[in-house]
Amino acid sequence: MAAFREGNKVIYPRLGICRVSGVIEHTAGGTIVKLYALKPLDHQETTTVMVPVNKAEEVGVRKLIEKEDIPKLLKFLGKDIEVASDHRKRNAKNAERLASGEIYEVADSLKTMSKLSKSKTLSPEEQQTMSRARYLIIKEIAHVTKLTTEEVETMIDDALAGKKTKTKKLAA
């Protein structure tokens, strides 16, 4: 299990990139519990998420993707995927994937919704899932690579379309 320190950037499922603003000790029922105080980068002023240190991994808190792993992720986005025909099963699976916080699970949701959107109009829930998955992946890659959101959007769109993505910019 990875231990995080104040100032580290981590991924919290569904919220995306957070800064560890501290490790706090809190007494609950006579037991001292250590908690990570996480500040989502998009809502630093208004939101703090408290996660027990011993449950962080179980909850899905993780380090950001390594820059050298991004080409593999983009290649993964370009691979074909089977889409469940039952929308209830599909929506439940997508919710589970987003909740995991695992970047390849989030990418799976994005691939599924992207493929589906080519053959039918997505329901509002499916549109929201696709947009959230896309947002989380774009933000993480942009943060790690220091590329603009627009550059990363183009890379993601190219990858989803099965085009070779220009990863030269990632080598810098």
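Everything discussed here concerns the structure shown above.
Residues numbered from 1 in each chain as written. Predicted model: local features only at pLDDT ≥ 70, side-chain atom pairs only at ≥ 80, totals over all residues. Heavy atoms only, no water.

Undergrad: Residues and numbers for empty space enclosed by the protein, please.
TA: Throughout the structure, instances matching the rule amount to one cavity of 30 Å³ or more. What the largest cavity holds in volume is close to 80 Å³. As for the largest cavity, its lining consists of 13 residues, and the residues nearest its centre are Ile 11, Arg 62, Gly 101, Leu 136 and Glu 140. Contributions of two or more residues to the lining of the largest cavity are made by strand E1 (9-12), helix H4 (103-117) and helix H5 (124-145). Looking at which element gives the most residues to the lining of the largest cavity, the answer is H5, with three residues. When grouped by side-chain class, the residues that make up the lining of the largest cavity number eight nonpolar, two polar and three charged. (1 Å grid on protein atoms, 1.4 Å probe; cavity = no way out; pocket = protein on both sides within 12 Å on 5 of 7 lines; lining within 4 Å. Points joined across faces, edges and corners; volume = space filled by probe spheres on them. Helix = DSSP H or I, 4+ residues; strand = E, 2+ residues; numbered from the N terminus. Nonpolar A, V, L, I, M, F, W, Y, C, P; charged D, E, K, R; others polar.)

Undergrad: Provide a residue-level description of the sheet that holds strand E4 (residues 49-52), including the pertinent values.
TA: Each strand in a sheet pairs with its neighbour through backbone hydrogen bonds, running either in the same direction (parallel) or in the opposite one (antiparallel). Read across the open sheet, the five strands follow the order E4-E3-E2-E1-E5; overall the sheet is antiparallel. Either end of the sheet is taken by a strand with one partner, and the two such strands are E4 and strand E5 (62-63). As defined by bridge partners, E1 adjoins E5 across two bridges and the pair is classed as antiparallel. Each bridged residue has a counterpart across the sheet, and for Ile 11 the counterpart in E5 is Arg 62. Strand contacts of H5: E1, strand E2 (16-28) and E5, with the helix running at about 95 degrees to E2, the strand carrying the most contacts. (Pairing = 2+ DSSP bridges. Contact = heavy atoms within 4.5 Å. Axes fitted to C-alpha atoms, helices over the stretch in contact; angles between N-to-C directions.)

Undergrad: Describe the pattern of salt bridges, listing the residues and the values that go with them.
TA: Where charged atoms of side chains with opposite charge meet at close range, the side chains can pair. Under the criterion given, the structure shown has nine salt bridges. For Glu 66, the salt bridge identified is with Lys 63, shortest N-O distance 3.9 Å. The exposure class of Glu 66 is partly exposed, given its relative accessible area of 35%. Between Arg 97 and Asp 108 there is a salt bridge whose closest N-O contact spans 4.0 Å. (Salt bridge = Lys/Arg side-chain N within 4 Å of Asp/Glu carboxyl O. Buried < 20%, exposed > 50% of the residue type's maximum accessible area, 1.4 Å probe, protein only.)

Undergrad: Which residues make up the packing of aromatic side chains, and what are the values?
TA: Inspection of the entire model under this criterion finds two aromatic pairs. Ring centres 5.1 Å apart and planes at 80 degrees place the aromatic pair Phe 76 and Tyr 104 in the edge-to-face group. Taken together, the residues Phe 76 in helix H2 (residues 70-78) and Tyr 104 in helix H4 connect sequence positions 28 residues apart. Here Lys 111 stacks its cationic end above the ring of Phe 76, 3.9 Å away from the centre of that ring. (Phe/Tyr/Trp six-rings, centres within 6.5 Å; stacked < 30°, edge-to-face > 60°. Lys NZ or Arg CZ within 6 Å of the ring centre and 35° of its normal.)

Undergrad: Now, about the environment of Ile 24: what can you tell me, with residues and values included?
TA: Mapped onto the fold, Ile 24 is located in strand E2. Ile 24 sits 12 residues away from Tyr 36 along the chain, and the two C-alpha atoms are 6.4 Å apart. Ignoring any residue separated from it by four or fewer positions in sequence, one finds Ile 24 in contact with Val 33, Lys 34, Leu 35, Ala 37 and Met 50.

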